[in-house]
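Structure at a glance
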Protein chains: 2
Amino acid sequence: MLQLTMTGEYAVRAMVHLATLPPDTTVQIADIAREWDVPEVFLRKIITQLSRNGLVASYRGKGGGVALGREAGTITLLDVIECMEGPLALNACLTNPGICHRIPFCAVHAVWHEAQIKLREVLTSRTLADLAGHHIEGCQSAVTLDAGILSPTDPL
Amino acid sequence: MLQLTMTGEYAVRAMVHLATLPPDTTVQIADIAREWDVPEVFLRKIITQLSRNGLVASYRGKGGGVALGREAGTITLLDVIECMEGPLALNACLTNPGICHRIPFCAVHAVWHEAQIKLREVLTSRTLADLAGHHIEGCQSAVTLDAGILSPTDPL
DNA sequence: GGTAAATGGGAGTCCTTTTGTCCCATTTGG
DNA sequence: CCAAATGGGACAAAAGGACTCCCATTTACC
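Residues numbered from 1 in each chain as written. Chains lettered and ligands numbered in written order. Predicted model: local features only at pLDDT ≥ 70, side-chain atom pairs only at ≥ 80, totals over all residues. Heavy atoms only, no water.

1. Brief notes about the protein's contact with DNA strand D
Looking at DNA strand D, there are 25 residues lining it, with A:Gln28, A:Ile29, A:Lys45, A:Ser58 and B:Arg60 nearest. Restricting the count to atoms of DNA strand D within 4 Å of the protein gives a sugar and phosphate share of 63%. The backbone of A:Met1 places a nitrogen or oxygen atom 3.4 Å from a phosphate oxygen of DNA strand D. One nitrogen or oxygen atom from the side chain of A:Arg52 is found 3.2 Å from a phosphate oxygen belonging to DNA strand D. Sorting the residues of the surface near DNA strand D by element identifies helix 3 (40-52) and strand 1 (56-59) of chain A together with helix 1 (6-20) and helix 3 (40-52) of chain B as the ones contributing at least two each. Here the surface near DNA strand D takes five residues from helix 3 of chain A, the largest share from any one element. (Near = heavy atom within 4 Å. Polar contact = N/O pair within 3.5 Å; in protein donor to acceptor, adjacent residues only side chain to side chain. Helix = DSSP H or I, 4+ residues; strand = E, 2+ residues; numbered from the N terminus.)

What follows is the structure, given as structure tokens:
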């Protein structure tokens, strides 16, 4: 299917969570799992993978936990997704040219190529810092909503 | 996975094939299957689905076959893909808002929304007429290559 | 009418991927 | 040493993808 998997989705949630914390703060996987509705043991696998690629730093032993592996401003959404799902390939012919023997005269291939470039552009245009910032703002808006200062129907 | 399925890929091949034919020409499914390396029985299922949505017109009985259901210029790549794979949804939260209880303050959701719009733009920017045209040109280039007028290393 | 040639449709098979779980090893602070 | 944390391998259930089989239906032509 042309859709992000739960693995990728969960990874993004975890990374956004980490990005909202003050730099170098560590948090435990169980806490992330609880707050973002992710099965804990599964999230452990996911974070291990992120850790192997340097996107998160993990600390074992009592008092350990995980933190962002690099500065939030240097990690894009695409980084997280490709870490879990492998290189982006909207169509198999984009990574494995041998599959389609009609390249180089396949016009469809060119369209997929263009589509993939556009998708990459969007997915690399926001860093975790951006996403975390908006997330925090959004939460504050929500709190404001709860406080009744804004009507629930007001546009954000 | 974030990738087109074989079902969608085969459907595109078949539609491009139909679009290269003169208007209202019918061809048999077995012929398309043979020429484009698609399992015939499987392609029959795919074309049935395209037929149900009016993208192809099918004629049963001896001497029957299939043809384009509408003018090639009115059918986009997205039409074909969505016919086979359902509505485009890069992330589940785009079609099923209830899944993510953090909307409307989820910044990631907004990114997926933008990415999907861009992807739709590309996939709707080319009709089968465009693709068939380029396909024919490409084939002619290939023929020219075969004739030895151009070197195989010459850029197309 | 009968037969051959074409698409239509339901059911089912096989395989891979996804989405997890279980259990235990390893690390580390107190 | 013990409790608390991550790491890793094996495994399991469920879903989805990629087909096949069998037969029904339609139609042209003799």
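2. Comments concerning the packing of aromatic side chains
Residues and elements named next belong to chain A. Tallied over the entire structure, the rule returns two aromatic pairs over all chains. Ring centres of Tyr10 and Phe42 lie 5.9 Å apart, and the angle between their planes is 85 degrees; on these two criteria the pair is classed as edge-to-face. With a gap of 32 residues between them, Tyr10 in helix 1 (residues 6-20) and Phe42 in helix 3 connect regions that are remote in the sequence. The exposure class assigned to Phe42 is partly exposed, which follows from its relative accessible area of 36%. (Phe/Tyr/Trp six-rings, centres within 6.5 Å; stacked < 30°, edge-to-face > 60°. Buried < 20%, exposed > 50% of the residue type's maximum accessible area, 1.4 Å probe, protein only.)

3. Let's talk about helix 2 (residues 29-36) of chain A
Residues and elements named next belong to chain A. Among all positions of helix 2, only Ile29, Ile32, Ala33 and Trp36 are buried. On an axial view of helix 2, the arc spanned by its buried residues comes to 100 degrees, and they lie on one face. Just past helix 2, the residue Asp37 takes up positive phi, approximately 60 degrees. (Arc of directions from axis to C-beta.)

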